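Observations on chain architecture
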Amino acid sequence: MKEIRIHGRGGQGAVLAARMLASASVQEGKSVASFPMYGFERRGAPVVAFTRVDDKPIREKTQIYNPDCIIVIDPGLLSLPTLFTGLKPESVFILNSPKKLPEKPNENLKIGGVVNATGIAVEEIGRDIPNTCLLGAFAAATGWLKLESILKVLPDYLSGDILQRNLKSTERGYKEVEVTKW
Amino acid sequence: MVSAQKGQVRVITGNATGAYGAMLCRPDVIAAYPITPQSEIAEQLAQFKADGVINSEFVEVEGENSAMNVVLAASIAGGRVFTATSSYGLVFMYDALQETSGFRAPVVMVNANRETPGIHAVSSGQQDMISARDAGWVQIITENDQEILDQIIMAYMLAEDNDILLPVMVNYDGFYLSYLAEAVEIYQIEDVDKFLAPLKKQSPRQKLEPGVAQGCGTHGMEMGYVEARYKHTQAMERVKNKVDEIDKKFGDYFGRYYGGQIEEYRTDDADIIIIASGSATGTARTVIDTKREQGIKVGLIKLRLFRPFPAERLIQALKGKKAIGVIDRSICFGWKYGPICMELKVLTQELGSVPILSYIDGLANLDITIPHIGRVVDEVNEAAKGKPYQDVTWIPMEE
Amino acid sequence: MVIKHKNIFKTESAWSNTDEKMLCLDTGSWRTVRPVLDKDKCNYCGLCALFCPPQCMKDMGDHYEANLDYCKGCGICANECPRKAITMVPEGEFADG
């Protein structure tokens, strides 16, 4: 089973990203469970979204304490003291940032992927909604999900012009993510 | 032999599943007021209506009290109805809740469990369901999204059965299930029609009709009251076997069985039993499997039916067990034990002097984690060996 | 029970003391834009302070300033200012942001 934890702020699409990840995994025949946990339901407040992916049905309904991968949508959250808590050994870190990855931020990390998802989103979508771009980056850096699977499920969540723009954003995230292996 | 065709699989939240469940049962009237964590149901149903997916009369109400009064009235006029609420909303409709059961109206309501007023909580917990346990409703608790869908279908089958005629509350954990996206199989509506068809073959139930002078819920004096209340409690008793029957019929038709009043997981050869309800049950299963590998003979009972309390099934399942741990996601004002534990303790005559340990956890969005349940198993195991144990434990207070 | 939880409330029921940490959430970190005042346009009418939802406007004697520990960047002050003296500026443009 893979446990993925997504950190963001209300309004950045963390919850939707977690769900799209789940949907895309279902396309590949996996069992999934995805849910958010937030204190205050408003823009700007910190949000954590959890997604579990497995070959067999997922029974636990707890938050994720030992992620195999964390995706950080808002670089401002890097200062969160609990961000890297519980990471499994050889885990993955996906970050939205215009800058390069910091030196291996945690001893349990094996793979790091950084992409300027905000920049790409503003170019492709016109607004700072980096979630779909980060999903593309996630697929490329981890190899746990095919890009095609994500592109296939996006129409379940978006339509029209916005869909096309997000498809582009996802593809760019896939292609432009800088992956480091520690 | 599964008769239903394969349904469409969608990755949707517990709330959306609730809306699909209602849609599949073709209610005549829907009135629901949004409240966290259930707002998505009201939104999804409104969307269904706008898209023409559902033909129901959608009554816009300004609050939950009106919502329940609207669906009660529609139900008493012979219609199939649906509503959804949570916490403050459930409490706001408290008088209408009791009217509904007193009138024996087969209303089906979905309740996204959330803590009740007193301390302003927008968080998961079963307190709302507990606070309404004496409202005369059937209360069932679900563990995952698919079960929400299935239980709503089964709820209509139960509520509208002429032998029962009681309102049914389908509960699911707010936040932990309401916002949980899982792959859910949405059956073909024709199959749901076929499953619910036997209800139409019954003789029609008493209903208000234009031009016919009659009253409902009248005669609350002396023996009129006593008789109506007596019949109500008798119907509650009949619910228990009926839930098992319907579960079997549902499983035979759609291919999914839930065990009826309770589900027993690895209990046959178990020495000790953990009782849980709702989403925590899913987590508990993984702990049971792990502990089993470590050599502890522990089993799990998932409490699905809470009202009426499934006493007979529990007695049967707990016979001969050496210790029992009950995990409550709520508290009981007036008893130190959690509510489900407190109700279980009524059965001392039948259960004997077996240690029953009460655990309170998962209040206010706090997680019932794998280590928590692991600890429950360990302590119940020690109690089974005759070691001294703690009567009641508030797990979050001890951390 | 061995209670490890350290009481948050000094009272029996859940009374909050807004001077203490309990109610003072780190709402400042939620901000993506912050209010910037053009002092020349300000006439110290106090409407911004009146409308501020977290009530975090500090009285500076001749103008009001948002307490950035709590300012959520909602923009209501800018919206209500009768002289349009307040502009909402993205956090990214500040060194301390």
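Residues numbered from 1 in each chain as written. Chains lettered and ligands numbered in written order. Predicted model: local features only at pLDDT ≥ 70, side-chain atom pairs only at ≥ 80, totals over all residues. Heavy atoms only, no water.

1. What about the packing of aromatic side chains?
Both the distance between ring centres and the angle between the ring planes are used here to describe each pair of aromatic rings. Counted by the stated rule, this structure contains 15 aromatic pairs over all chains. Plain terms: the ring middles of A:Phe84 and A:Phe93 are 5.3 Å apart, the flat faces sit at 75° to each other, and that makes the pair edge-to-face. Residue A:Phe93 is classed as buried on the basis of its relative accessible area of 0%. The ring centre of A:Trp144 lies 4.8 Å from the NZ or CZ of A:Lys2, which sits over that ring. Positioned above the aromatic ring of B:Tyr337 is the side chain of B:Lys345, whose terminal nitrogen or guanidinium carbon lies 4.3 Å from the ring centre. (Phe/Tyr/Trp six-rings, centres within 6.5 Å; stacked < 30°, edge-to-face > 60°. Buried < 20%, exposed > 50% of the residue type's maximum accessible area, 1.4 Å probe, protein only. Lys NZ or Arg CZ within 6 Å of the ring centre and 35° of its normal.)

2. Considerations on the pattern of salt bridges
Scanning the model with the defined rule gives 46 salt bridges over all chains in all. Residues joined in a network through salt bridges with shared partners are B:Glu143, B:Glu147, B:Glu263, B:Arg285, B:Lys302 and B:Arg304. (Salt bridge = Lys/Arg side-chain N within 4 Å of Asp/Glu carboxyl O.)

3. Quick word on the domain arrangement of chain B
Residues and elements named next belong to chain B. Here chain B is described as being made up of domain 1 (8–207 + 217–254) and domain 2 (262–398). Its C-alpha centre places domain 1 at a distance of 27 Å from the equivalent point of domain 2. On the domain 1 side of the contact with domain 2, Arg133, Glu143 and Tyr176 bury the most area, a combined 27% of that side's loss. Salt-bridge contacts for Glu147 lead to Lys302; the nearest nitrogen and oxygen are separated by 2.7 Å. In this structure, the connection of domain 1 to domain 2 is made through 21 residue pairs in polar contact (both at pLDDT 80 or more). Those elements giving two or more residues to the side of domain 1 that touches domain 2 turn out to be helix H6 (127–131), strand E6 (138–141), helix H7 (145–159) and helix H9 (223–254). Top element by residues in the side of domain 1 that touches domain 2 is H9. It accounts for 7 residues. (Domains from an automatic or database assignment. Buried area = accessible area lost by both parts, 1.4 Å probe. Polar contact = N/O pair within 3.5 Å; in protein donor to acceptor, adjacent residues only side chain to side chain. Helix = DSSP H or I, 4+ residues; strand = E, 2+ residues; numbered from the N terminus.)

4. Overview of the interface of chain B and chain A
Across the contact, 25 residues belong to chain B and 20 residues belong to chain A. Interface of chain B and chain A: buried area, both sides summed, is about 1,900 Å²; carbon and sulfur atoms make up 58% of it. The largest share of the area that chain B buries against chain A comes from B:Val11, B:Tyr176 and B:Tyr179, three residues that together contribute 26% of it. Across the chain B-chain A interface, the total number found is 1 salt bridge. We note a salt bridge from B:Asp289 to A:Arg59, for which the minimum N-O separation is 2.6 Å. Along the contact surface separating chain B from chain A lie 8 residue pairs in polar contact (both at pLDDT 80 or more). Looking at which element gives the most residues to the side of chain B that touches chain A, the answer is helix H10 (residues 280–293) of chain B, with 5 residues. Both strand E2 (residues 31–38) of chain A and strand E8 (residues 181–186) of chain B contribute to a ladder of 2 bridges, which runs antiparallel. Counted as the bridge partner of A:Ala33 is B:Glu182 from E8(B). (Contact = heavy atoms within 4.5 Å. Pairing = 2+ DSSP bridges.)

5. Structural notes on empty space enclosed by the protein
Residues and elements named next belong to chain C. This structure, assessed with the given rule, holds 3 cavities of 30 Å³ or more. Roughly 100 Å³ of volume is contained in the largest cavity. Lining the largest cavity are 15 residues, with Cys42, Cys45, Gly46, Cys48 and Cys81 positioned closest to its centre. Estimated volume of the second largest cavity: approximately 80 Å³. (1 Å grid on protein atoms, 1.4 Å probe; cavity = no way out; pocket = protein on both sides within 12 Å on 5 of 7 lines; lining within 4 Å. Points joined across faces, edges and corners; volume = space filled by probe spheres on them.)

6. Describing the sheet that holds strand E13 (residues 323–328) of chain B
Pairing between sheet strands relies on hydrogen bonds along the backbone, with the strands arranged either parallel or antiparallel. All names here are of chain B. Pairing is mixed across the open sheet formed by 6 strands, whose spatial order is E9-E11-E10-E13-E14-E15. Each end of this open sheet is capped by a strand with a single partner; those strands are strand E9 (262–265) and strand E15 (392–394). Strand-to-strand, the axes of this sheet are offset by a mean angle of 20°, without reference to chain direction. The pairing of E13 with strand E14 (residues 356–360) spans 5 bridges and is parallel. Across the sheet, the residue bridging to Gly325 is Leu357, located in E14. Packing of H10 onto the sheet brings it into contact with E9, strand E10 (272–276) and strand E11 (298–303), and relative to E11 it is tilted by some 170°. Packed on one face of the sheet, helix H14 (residues 370–384) meets E10, E11, E13, E14 and E15 and runs near 140° to E10. (Axes fitted to C-alpha atoms, helices over the stretch in contact; angles between N-to-C directions.)

7. So, unusual backbone geometry
Residue and element names in this part refer to chain B. Here the residue pair Thr36 and Pro37 is connected by a cis peptide bond, since its omega of 5° sits within 30 degrees of zero. Relative to the helices and strands, Pro37 resides in the loop between strand E2 (29–30) and helix H2 (39–51). The peptide bond linking Arg307 to Pro308 adopts the cis configuration, its omega dihedral lying at -5°. One non-glycine residue with positive phi stands out, namely Arg26, at about 50°.

8. Points about a nonpolar patch on the surface
All names here are of chain B. A cluster of nonpolar side chains, contributed by Met223, Tyr225 and Val226, occupies part of the molecular surface with about 310 Å² of accessible area. Tracing the backbone shows Tyr225 in helix H9. Here Tyr225 falls in the partly exposed class, since its relative accessible area comes to 42%. (Patch = residues over 30% accessible without salt bridge, like charges linked within 9 Å, V, L, I, M, F, W, Y side chains within 5 Å. Areas by Shrake-Rupley, 256 points an atom, 1.4 Å probe, with all protein chains shown as cover.)

9. What to know about the interface of chain C and chain B
Listed as interface residues are 6 residues of chain C and, on the opposing side, 8 residues of chain B. Across the interface of chain C and chain B, roughly 590 Å² is buried in total on both sides, 67% from carbon and sulfur atoms. It is C:Met1, C:Lys4 and C:His5 in chain C that bury the most area against chain B; as a group they hold 70% of the surface buried on that side. At the boundary of chain C with chain B, the tally comes to 0 salt bridges. Where chain C meets chain B, there are 4 residue pairs in polar contact (both at pLDDT 80 or more). Residues of the side of chain C that touches chain B, tallied by class, amount to 4 nonpolar, 1 polar and 1 charged. (Nonpolar A, V, L, I, M, F, W, Y, C, P; charged D, E, K, R; others polar.)

10. Thoughts on helix H11 (residues 311–318) of chain B
Residue and element names in this part refer to chain B. The buried fraction of H11 amounts to 6 of the 8 residues, a majority that puts the element mostly inside the structure. Listed as buried for H11 are Ala311, Arg313, Leu314, Ile315, Ala317 and Leu318. Looking at the residues trailing H11, positive phi occurs at Gly320, about 80°.

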